[in-house]
Amino acid sequence: MLVNQPDAGSQWAGEDIGVLADETLVACLGQRDLQALEELYRRHARVVYSMAFKLLTEATAAEEVVQECFLKLWRQPERYQRDRGKLLPWLLGVAHHRAIDVLRRQRLERRHHVDRDTAVLDVGGGADLDTQVWGNMQAEAVGRALQRLPDSQRVALELAYLRGMTQSEIAVFLGEPLGTIKTRMRLALQKLRATPELVALVADAG
Amino acid sequence: MMTRDCEQLVDLLPGRALGALEAGEDEVVERHVDRCPDCASELAEYLRVSAQLAALAPAHDPPPELGARILEAARADLEDAPPRLAALPRRPMRWSLAGWWRQVSPQVAAFSLGAAALAIGWGYSTQQSLDRMQSQLNDTQQQIDRIRDSYQTVALVLASGDMRVQNLGPGEVTATAWGKVWTDPSTGKGMLMAKGLPAVDAGHCFQVWLTRDDQRISAGFLYPVGNGVYYTVLQAPRPVTDYQRVGVTIEPTGGSPGPTTPRVVGGTI
């Protein structure tokens, strides 16, 4: 436990906070309940940190992203709207957006451009599967769903989400018109959305 | 409803979800979805799908001190600033003592609390009194916010062309209980009214449950609105029309993770 002593703001004495839904805990953040924050961190920090680390490839920057993400939830819990979906995708969205900002700033500062040789594409089912962040089954499900996409669509998704490239950068990188890249992204997300095993995964992961 | 703005922005939504827009485009999308529920819902769906790609990241445990650092910063907020308003009150109202706070404006409440602080100042330190005043003022503001949100939902449901009404019958506690549940499939919102409920003391409340495929979630608490009528806007992570049944039980104030007493009133949605 990170909170070792009962807090004045905590109302959980004798209750099992672990059984409460994420959405309930977010509502408690509005009442400044530190234990609710601690529980949400315990549930989701690893996934958020792993995603940020994957994008930024260094611990300090990834930690800053995670910290900003959870403190945003703490300070503005009303920004998460439960009728627009589960908490984890929202948290990942906030953290991903922030990580992309950091990545692009780093690239500008270092005058670093993504090198065609270093932009190794990650495909689910690869060598990293044993340590995937949501465990084997989930990573394999995502990997299988991605493998069923046409290569051109899968590459566009991965360059954007996991490499932090903009649509224009991807268009230049792949030598394709910008409109084509936008269409591929939309089709890819729509196909993934219709994948039954991913629908189940979201329910489990959230 | 699809507007010209929507048509222009719909191509940007996948890129927004994947973090692939150009500088300035994110803000355009955010401004639009703030006032367009259809595009907000579409974007949320794309975000939900794109978040799956995080599963491809190899697992890394954050360093143990990161959690402590975040909690420390959060704790410092508590010392620097008064409590914020809840998006949704976790505790139902206090039945006897604090109920009257709902009836007064924040300004009147603040003034009354100031007077109360003077009266009880002998017994408590100034800081304790201020803390309690702040807490009560926040309770008041929460209730006002809740009532305003409730009215908005009620108006939405009542204005819907698809609104459904179901009668609710008594459970095993008292034969006099009955109620109604109104739902709107187009917005997924709904509200519940119940009458003829047994009396509860300050340590107990009426908690509402929604059931879907044998899974039960808490949908909030009933609030008295006078003449023995209780009412709430249903709170659920999914559209309320996705649930098959609704029920109400008596639980300790603050609610329970699951029902601990027989149903007082309930029925199908």
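Residues numbered from 1 in each chain as written. Chains lettered and ligands numbered in written order. Predicted model: local features only at pLDDT ≥ 70, side-chain atom pairs only at ≥ 80, totals over all residues. Heavy atoms only, no water.

A. Molecular detail of the sheet that holds strand β3 (residues 189-195) of chain B. All names here are of chain B. The sheet built from 9 strands is open, its strands ordered β5-β4-β8-β9-β1-β2-β3-β7-β6 with antiparallel pairing. On the outer flanks of this sheet lie β5 (215-221) and β6 (223-226), each paired with one strand and no other. Along the sheet, successive strands turn relative to each other by an average axial angle of 25°, direction set aside. Across 4 bridges, β3 lies against strand β7 (residues 229-233) in antiparallel orientation. Considered in β7, the bridge of Ala194 is made with Tyr230. (Pairing = 2+ DSSP bridges. Helix = DSSP H or I, 4+ residues; strand = E, 2+ residues; numbered from the N terminus. Axes fitted to C-alpha atoms, helices over the stretch in contact; angles between N-to-C directions.)

B. Just the pairing of strand β1 (residues 164-170) of chain B, in detail. Residues and elements named next belong to chain B. Judged from the 5 bridges that link them, β1 and strand β2 (residues 178-184) form a sheet pairing that is antiparallel. Note that in β2 the partner of Asn167 across the bridge is Lys180. The sheet contact formed by β1 and strand β9 (residues 263-268) spans 2 bridges and is antiparallel. The residue bridging Pro170 from the neighbouring strand is Val265, located in β9.

C. View of unusual backbone geometry. Even without being glycine, Arg32 of chain A reaches a positive phi, approximately 60°. Among the secondary structure elements, Arg32 of chain A is positioned in the loop between α1 (22-29) and α2 (34-56).

D. Representation of the pattern of salt bridges within the structure. Following the criterion strictly, the structure yields 18 salt bridges over all chains and no others. The partner of Arg186 of chain A in a salt bridge is Asp11 of chain B, with the nearest N and O atoms 3.5 Å apart. Pair noted here: Arg186 of chain A is in helix α8 (residues 178-193) and Asp11 of chain B is in the loop between α1 (4-9) and α2 (12-17), and the two residues belong to different chains. (Salt bridge = Lys/Arg side-chain N within 4 Å of Asp/Glu carboxyl O.)

E. Spotlight on the interface of chain B and chain A. The partner chain A presents 74 residues to the 62 residues of chain B that form the contact. Overall, the association of chain B and chain A removes approximately 6,400 Å² of surface from exposure, summing both partners, and the carbon and sulfur fraction of that is 62%. Summed over the shared surface of chain B and chain A, the number is 5 salt bridges. Arg193 of chain A serves as the salt-bridge partner of Glu42 of chain B, at 3.9 Å between the closest nitrogen and oxygen. Taken together, the connections running from chain B to chain A amount to 15 residue pairs in polar contact (both at pLDDT 80 or more). Elements that contribute at least two residues to the side of chain B that touches chain A include exactly α2, α3 (25-35), α4 (37-51) and α5 (64-80) of chain B. Ranked by residue count, the leading element in the side of chain B that touches chain A is α5 of chain B, at 12 residues. Here the residues of the side of chain B that touches chain A sort into 38 nonpolar, 9 polar and 15 charged. (Contact = heavy atoms within 4.5 Å. Buried area = accessible area lost by both parts, 1.4 Å probe. Polar contact = N/O pair within 3.5 Å; in protein donor to acceptor, adjacent residues only side chain to side chain. Nonpolar A, V, L, I, M, F, W, Y, C, P; charged D, E, K, R; others polar.)

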